[in-house]
Amino acid sequence: MQHIKRVVDNALDKKAEAFNAINIVGPKGCGKTRTAKERCKTIIEFQDEEKRDGYLAVAQTSPKLFLKNPKPILFDEWQDATKIWGTIRKVGNCKRLL
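Everything quoted here is computed from the prediction, not taken from an experiment.

> Looking at this model, I keep getting lost on the overall build of the protein chain. Mind explaining?
What the protein chain contains, in helices and strands, is four helices and three strands. Taken along its principal axes, the extent of the C-alpha atoms in the protein chain is 40 × 30 × 20 Å. Residue burial in the protein chain is summarised as follows: out of 98 residues, 35% are buried. Within the protein chain, contacts between residues at least 6 apart in sequence are counted, and of these 58% link residues at least 24 apart. Summed over its atoms, the accessible surface of the protein chain is roughly 6,500 Å², and 52% of this surface lies on carbon and sulfur atoms. Charged side chains of the protein chain number 20 positive and 12 negative; the gap between the two group centres comes to 8 Å.

Structure (structure tokens):
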């Protein structure tokens, strides 16, 4: 499926140059995840039922391990693993798009 360019795309690209983390907020189904996926090299989806338990275990015990993945990294539905937020805030050179 082809990505439909949105008004927010240019703003996100500028923010990605200036900040280590970006939080995308909006109503369900408006294209937040799709937009972020266009920009990320690593996608970690906490709602993926096959990987969820493993992701949550890593997030709880060693969240910095996620940051070893190619950046930028999408932490989709990161609120399920709240330690991620603190880790990203403390560590530079990471882009978080959600």
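> How should I be thinking about unusual backbone geometry in this particular structure?
Both trends apply: most residues other than glycine have a negative phi, and most peptide bonds are in trans. At the junction of Lys71 and Pro72, the peptide bond is cis and its omega measures out at 0° in the coordinates. Mapped onto the elements of the fold, Pro72 is located in the loop between helix 3 (52-61) and strand 2 (73-76). The phi dihedral of Glu77 falls on the positive side, at around 60°, and the residue is not glycine. By relative accessible area, Glu77 is classed as partly exposed at 31%.

> Even after reading the chapter, I still don't get the pattern of salt bridges, so can you show me in this structure?
It is possible for side chains bearing opposite charge to pair when their charged atoms get close. Under the definition given, this model contains five salt bridges. Asp9 is the salt-bridge partner of Arg39, the closest N and O atoms lying 3.1 Å from each other. Here the residue Arg39 occupies a position in the loop between helix 2 (32-37) and strand 1 (42-45), and Asp9 occupies one in helix 1 (residues 8-18), the gap between them amounting to 30 residues. Across this residue pair, the class does not change: Arg39 and Asp9 are buried.

> How should I be thinking about the nonpolar core in this particular structure?
Formed by Ile44, Phe46, Tyr55, Ala59, Phe66, Leu67, Ile73, Phe75, Trp78, Ala81, Ile84 and Ile88, the largest nonpolar core amounts to twelve residues. Not counting residues within four places of it along the chain, the set of residues in contact with Ala59 comprises Phe46, Phe66, Ala81, Lys83 and Ile84. Counting residues in hydrophobic clusters, the runner-up holds seven residues, among them Leu12, Ile24, Ala36 and Cys40.

> Teacher, can you tell me more about the packing of aromatic side chains here?
By convention here, two paired aromatic rings are described through the distance between centres and the angle between planes. All chains considered together, the criterion is met by five aromatic pairs. Seen in terms of ring centroids, Tyr55 and Phe66 are 6.0 Å apart; in terms of plane orientation they differ by 65°. Their pairing is edge-to-face. Taken as a pair, Tyr55 in helix 3 and Phe66 in the loop between helix 3 and strand 2 lie far apart in primary sequence, eleven residues in all. Residue Tyr55 shares its accessibility class with Phe66, and that shared class is buried.

Quick notes on the rules
Residue numbering note: each chain is counted from 1, following its sequence as written. Totals for whole chains, interfaces and linings use all residues, but because this is a predicted model, local features are given only for residues with pLDDT of at least 70 and pairs of side-chain atoms are given and counted only at 80 or more. Computation of side-chain values: all heavy atoms of the structure, hydrogens and water removed. To qualify as a helix, a DSSP run of H or I must reach at least 4 residues; to qualify as a strand, a run of E must reach at least 2; elements of each kind are numbered from the N terminus. Each residue is assigned to one of three classes by its accessible area relative to the maximum for its type, calculated with a 1.4 Å probe on protein chains only: buried under 20%, partly exposed between the two thresholds, exposed over 50%. In what follows, a contact means two residues having at least one pair of non-hydrogen atoms within 4.5 Å. Each accessible area is a Shrake-Rupley result for a 1.4 Å probe, and residues are judged covered by the shown protein chains and nothing else. Within this scheme the basic residues Lys and Arg register as positive and the acidic residues Asp and Glu register as negative, but His and the chain ends are omitted. To locate a charge, take NZ of a lysine, CZ of an arginine, CG of an aspartate or CD of a glutamate. One speaks of a salt bridge when a side-chain nitrogen belonging to Lys or Arg is within 4 Å of a carboxyl oxygen belonging to Asp or Glu. In this description, a nonpolar core means a group of buried Ala, Val, Leu, Ile, Met, Phe, Trp, Tyr and Cys residues linked to one another through side-chain atoms lying within 4.5 Å. What counts as a ring pair is set by centres within 6.5 Å for rings of Phe, Tyr and Trp (its six-membered ring), and what kind of pair is set by the plane angle: stacked under 30 degrees, edge-to-face over 60, tilted for all other angles.

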